[in-house]
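Here is how the chains run, residue by residue.
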Amino acid sequence: MADYIWLIPLFPALGFIINSAFGGRLSKTLVAWVACLALFAAFLSSLAVFVEFLQLPAAARVFERDIYAWIASGELSVNIGFRLDPLSVIMCLVVTGVGFLIHVYSVGYMHDDPGFKRFFLYLNLFVFMMLLLVTGNSLLLMFVGWEGVGLCSYLLIGFWYEKDSAADAGKKAFIVNRVGDFGFLIGVFFLFVSLGVQGVWTMNIGEVSRNAHLLSVPVVTVITLLLFVGAVGKSAQIPLYVWLPDAMEGPTPVSSLIHAATMVTAGVYMIARLNILFSMAPDTLYVVAVIGVLTAFFAASIGFAQYDIKKVLAYSTISQLGFMFVAMGVGAYAAGIFHLMTHAFFKGLLFLGAGSVMHAMSGELDLRNMGGLRKKTPITYWTFFIACLAIAGIPGFSGFFSKDEILWKAFSSSHGDLWIWLLGAVTAGMTAFYMFRLLFSTFHGECRASEEVKHHIHESPRVMTIPLMILAVLSLVGGYVGVPHLLGGDNAIEQFLAPVFGPATQAKAAVNFDIVASAWAASGGGGHEAAMELTLMVTSVLIALIGIALAYLYYVKNPSLPDRFTARFAGLFRWVHNKYFVDEFYEMLFVRGTLKAGAFLLKVADGWIIEGAVNGTAALVKRAGERIRKAQTGYVQEYAFGIILGAILVVGYLIVIPMF
Amino acid sequence: MDVISFKGIVFIASALVAVAASVLMATRRNPIHSALWMIVTFFAMAVIYLLLNAQFIAVAQVMVYAGAIMMLILFVIMLVHMEKGEETVPGQARRPKKTKLIAALITVILCGEILLGALFYNMTGRGGEHPAALVDAVGNVKTVGALLYGQYLFPFEIASILLLVGIVGAVVIAKRK
Amino acid sequence: MFEDNFTWLCYFLSGILFTIGAVGAILRRNMIVVFMCIELMLNAVNLVFIAAGGSLSSMDGSVFVFFIMTVAAVEAAVGLAIFVMVFRLQHTINADELNLLKG
């Protein structure tokens, strides 16, 4: 299998090519089959590699193959090649597995849409680009995938392009991503040059990792900060998160696949992949953790006051991504990837469930018009419930293990900090609250929809509910690969990922600047550590239960409480409901300025300078012609005079001048 | 005293006649008078050609120029009813002084340049194969004829075509519709 | 001494004749006289050719003059035909009134 790892990205690419070339002539069913089969084949290939990995010793779990010499220019030599190690194989499994389930779901969800074939075309292209991103063995190939998923995101967000809001949202996503990509690219160039002056000219990730120690800490700090800017854009952190809520204009399967499970996790993956560099720059790691936790808290607070179910889930995604970045920032890379995986399961499920709700409610999005769907759409309800339990971090579900690991590492790691843990724990409680607010408002209580909508409420077809059920099972058991030592497990996922992150943990241990942690270590961590971990675990579960209880109180027991709350704190509510007016602020600061600059350039640079040069030349020629035309008087004798004059001059030049 | 040889006197006389006649030709108001003075100039030049041992050209000059071309011009003058000379149209101004000044300047410069060129440059080049003695022995016309039908046959034929074109063209242009 | 300067005198004469012809061509208002001045210029050139041919012992000069005469004859025929045509149209051969080429 090692020689065929290029098959994994190949299958979705083939699906894209076949559907784009022949899709017009094929039937809708056939197009869907091609797309889903492509994904399934990719999933099986990833599974084959995974199984093969399990049979190999830990040190040998790296497959790298170059398949084409892409750039050979002087010192720069880049090959198109793929690298599979434990990190990328987990990512491949998540992308292809969850992707396959979402493809199947889309067959039902997009059934009546006129753009059905185009949808699967873009979906396959997206999976191909995402696989390029995670399996590419050079920074340039990763960037190709990075940009490719951005492109597909734009195409899919603006899928219903006749709607102005969808087209604008696609544009916004692409432009904001661009800002991040700019930083990323500068970082890559800087890395390339910095290594180059040390004598190592390479873009290959493996070689970069091996030679990273040649760089000095300030250089690495700058590089990693720039790379992190890219991650901020792609993974929707402060200040570049504004595109993600607007991206909900796209079809719900798109929101599920791209903006929950896969594309937005690209930033997290990138940091994990380049963990050697990041571990050498503790300042950057601190920045990452701070931004992560602030984003988590900020987005969770906005989620409190949104009524659109997809927007609530969008802000929840931003918040959970913040958690993943916290994990990266405190050096717990394995925990971050673990949370990425479980998040793909339950957030993907939540979005698909929202789609199922919209399908049942004839396209209704506002949760104030929902309610009481529990009896009418049982499968959707129960899967949604399981996902909410997972995201809230209730023990036994997948989210509990991953989130808890992050919070524990935030507290105890040498890069971590007490306030990071505190804010993270509070955010976890807020997450529980607003997710259950969503659940209760949508499924419990009286149905607040109109009569016509109530009449049409029905459970979704099997092609949509089966992926829901599969994802629910995964949300339930997916956490058991990471059971911590405390609870008797051996944290299989952390062990599996150890070869990728191993050297990093050594670097982490070398830098020890946190007072609490060092005092902690000094007082003989050992047994106390286990007790601390248990305490923190219990605390976070309690906070989650409190959140759920509050949500129950506000939305089931006493539904008038929310309205009284918003009435009393009207100002605060207005602020939060309008997302703290960040979009308006950006509009005023950046958008208007750019438009004004554009108008100015149009008037001056284009209008005066360029048009002036062109028109001016024409006018010059015209006026010169008018003046010269006066020599043509029409009198032949004057022409003869001209000839004789010329003759005199020529003769003079030829004969008279040489004489002197 | 070869300055005052017969050839010299004839040459000086013809030259003066030529110059005087041409000046008169260029300044007469009546075009018939100009044409007549032109004929005088041509005759003077024919004499000079004779002095230069170009008998054929001298005769051709009289026949073609003085005979054919000037006749043509005289006929045309008759055709356009100019035989009485230009009537000065009342409103038309005389040529301004500036023009006359420029003309004088041009005369001087042009003449001076040609003179200088003639004075200070030697005629370089390979000598030909027809020294005067040989030509005299063979005969001027015969030599020219031999050259025309020998070395310069092609230009000769082209010239004949040119004449044909000229004849046809003249008739076509001047025909009354 | 005269013999030595003979050729040079011919050139001198030719130059004078040419100048007279040139000035006459640009100053006279009557187009027929202008034409005659042009013929005078051609004759001046003929003289140069004959004189040079004589001094270089070559008959090429005479041949060339022959052709010049041919061309002058043709030119006279066609040119005068044009004069006639122009007169019919404009009823004048005054150079100052023939400015149809203007522009």
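Novice: I would appreciate a short explanation of the pattern of salt bridges in the present structure.
Specialist: Pairs can form between side chains of opposite charge once their charged atoms are near each other. All names here are of chain A. On inspection of all chains with the given rule, the structure shows 11 salt bridges over all chains. Between Arg-178 and Glu-147 there is a salt bridge whose closest N-O contact spans 3.1 Å. One end of the pair, Arg-178, is in helix H6 (residues 164-197); the other, Glu-147, is in helix H5 (residues 139-157), and 31 residues separate them in sequence. In this structure Arg-178 comes out as partly exposed when scored by relative accessible area, which is 40%. Measuring nitrogen to oxygen at the nearest pair gives 3.6 Å for the salt bridge that ties Asp-181 to Arg-178. Residue Asp-181 and its partner Arg-178 are located together in helix H6, separated by three residues, close to a single helical turn. Three or more residues are tied together by salt bridges with common partners; here these are Glu-64, Arg-83, Asp-85 and Arg-273.

Novice: When you look at the interface of chain A and chain B in this model, what are you seeing that I'm missing?
Specialist: Interfaces are frequently sized by the accessible area removed from exposure as the parts join. With 11 residues of chain A at the contact, the number on the chain B side is 10 residues. Across the interface of chain A and chain B, roughly 850 Å² is buried in total on both sides, 78% from carbon and sulfur atoms. It is Ile-648, Ile-655 and Met-659 of chain A in chain A that bury the most area against chain B; as a group they hold 52% of the surface buried on that side. At the boundary of chain A with chain B, the tally comes to zero salt bridges.

Novice: Where do I start with the interface of chain C and chain B in this structure?
Specialist: Chain C puts 68 residues into the contact, and the matching count from chain B is 84 residues. Between chain C and chain B lies a buried interface of about 6700 Å² when both sides are counted; carbon and sulfur atoms form 77% of it. The interface formed by chain C and chain B contains zero salt bridges. For the interface between chain C and chain B, the tally reads five residue pairs in polar contact (both at pLDDT 80 or more). If you list the elements that add at least two residues to the side of chain C that touches chain B, you get helix H1 (2-27), helix H2 (31-55) and helix H3 (60-90) of chain C. Broken down by element, the residue count for the side of chain C that touches chain B peaks at 22 residues, all from H3 of chain C. Split by residue class, the side of chain C that touches chain B holds 49 nonpolar, 11 polar and eight charged.

Novice: For this particular structure, what's the right way to read the confidence of the model for chain C?
Specialist: Low-confidence regions, as indicated by low pLDDT, have predicted coordinates that should not be scrutinised in detail. Mean pLDDT over chain C works out to 86, with 94% of the residues at or above the 70 mark. Scored by ipTM, the complex comes to 0.89, with pTM at 0.70.

Novice: How should I be thinking about the side chain of Thr-262 of chain A in this particular structure?
Specialist: Inspection of the secondary structure assignment puts Thr-262 of chain A in the loop between helix H10 (252-261) and helix H11 (266-273). In this view, Thr-262 of chain A contacts Val-95, Phe-126, Met-130 and Leu-257 of chain A; residues no more than four positions away in its chain are not counted.

Novice: It is not clear to me how the pairing of strand S2 (residues 76-84) of chain A should be interpreted in this structure. Could you clarify?
Specialist: On a regular strand, each side chain points to the face opposite its neighbour's, so the side chains alternate between the two faces of the sheet. Residues and elements named next belong to chain A. Pairing of strand S1 (residues 63-73) with S2, which is carried by nine bridges, proceeds in the antiparallel orientation. Counted as the bridge partner of Ile-71 is Val-78 from S2. Connecting S1 to the antiparallel partner S2 that follows it, the hairpin turn spans two residues, and Gly-74 within it adopts a positive phi of roughly 60 degrees.

Novice: Looking at this structure, I do not really get a nonpolar patch on the surface. What am I missing?
Specialist: A cluster of nonpolar residues, Leu-30, Trp-33, Leu-37, Phe-40, Leu-44, Leu-47 and Val-51 of chain A, forms a patch on the protein surface that exposes about 640 Å² of accessible area. You can call Trp-33 of chain A exposed: its relative accessible area is 54%.

Novice: Before we go on, may I ask you to explain unusual backbone geometry in this structure?
Specialist: Negative phi characterises most residues that are not glycine, and trans characterises most peptide bonds. That bond from Ile-238 of chain A to Pro-239 of chain A is cis: its omega, 0 degrees, falls within 30 degrees of zero. Within the fold, Pro-239 of chain A resides in the loop between helix H8 (217-234) and helix H9 (243-246). In the Ramachandran plot, Asn-53 of chain B falls in the positive-phi region, its phi being about 70 degrees despite a non-glycine side chain. Among the secondary structure elements, Asn-53 of chain B is positioned in the loop between helix H2 (31-51) and helix H3 (55-79). Of the residues examined, Asn-53 of chain B reaches a relative accessible area of 35% and is grouped as partly exposed.

Novice: Quick question: what am I supposed to make of the environment of Tyr-65 of chain B here?
Specialist: Structurally, Tyr-65 of chain B is set in helix H3. The spatial distance from the C-alpha of Tyr-65 of chain B to the C-alpha of Phe-43 of chain B is 9.4 Å, given a sequence separation of 22 residues. Setting aside residues no more than four positions away along its own chain, Tyr-65 of chain B makes contact with Phe-42, Ala-60 and Met-70 of chain B together with Glu-39, Leu-42, Asn-43, Asn-46, Met-69 and Ala-72 of chain C.

Conventions adopted
Residues numbered from 1 in each chain as written. Chains lettered and ligands numbered in written order. Predicted model: local features only at pLDDT ≥ 70, side-chain atom pairs only at ≥ 80, totals over all residues. Heavy atoms only, no water. Salt bridge = Lys/Arg side-chain N within 4 Å of Asp/Glu carboxyl O. Helix = DSSP H or I, 4+ residues; strand = E, 2+ residues; numbered from the N terminus. Buried < 20%, exposed > 50% of the residue type's maximum accessible area, 1.4 Å probe, protein only. Contact = heavy atoms within 4.5 Å. Buried area = accessible area lost by both parts, 1.4 Å probe. Polar contact = N/O pair within 3.5 Å; in protein donor to acceptor, adjacent residues only side chain to side chain. Nonpolar A, V, L, I, M, F, W, Y, C, P; charged D, E, K, R; others polar. pLDDT = per-residue confidence, 0-100. Pairing = 2+ DSSP bridges. Patch = residues over 30% accessible without salt bridge, like charges linked within 9 Å, V, L, I, M, F, W, Y side chains within 5 Å. Areas by Shrake-Rupley, 256 points an atom, 1.4 Å probe, with all protein chains shown as cover.

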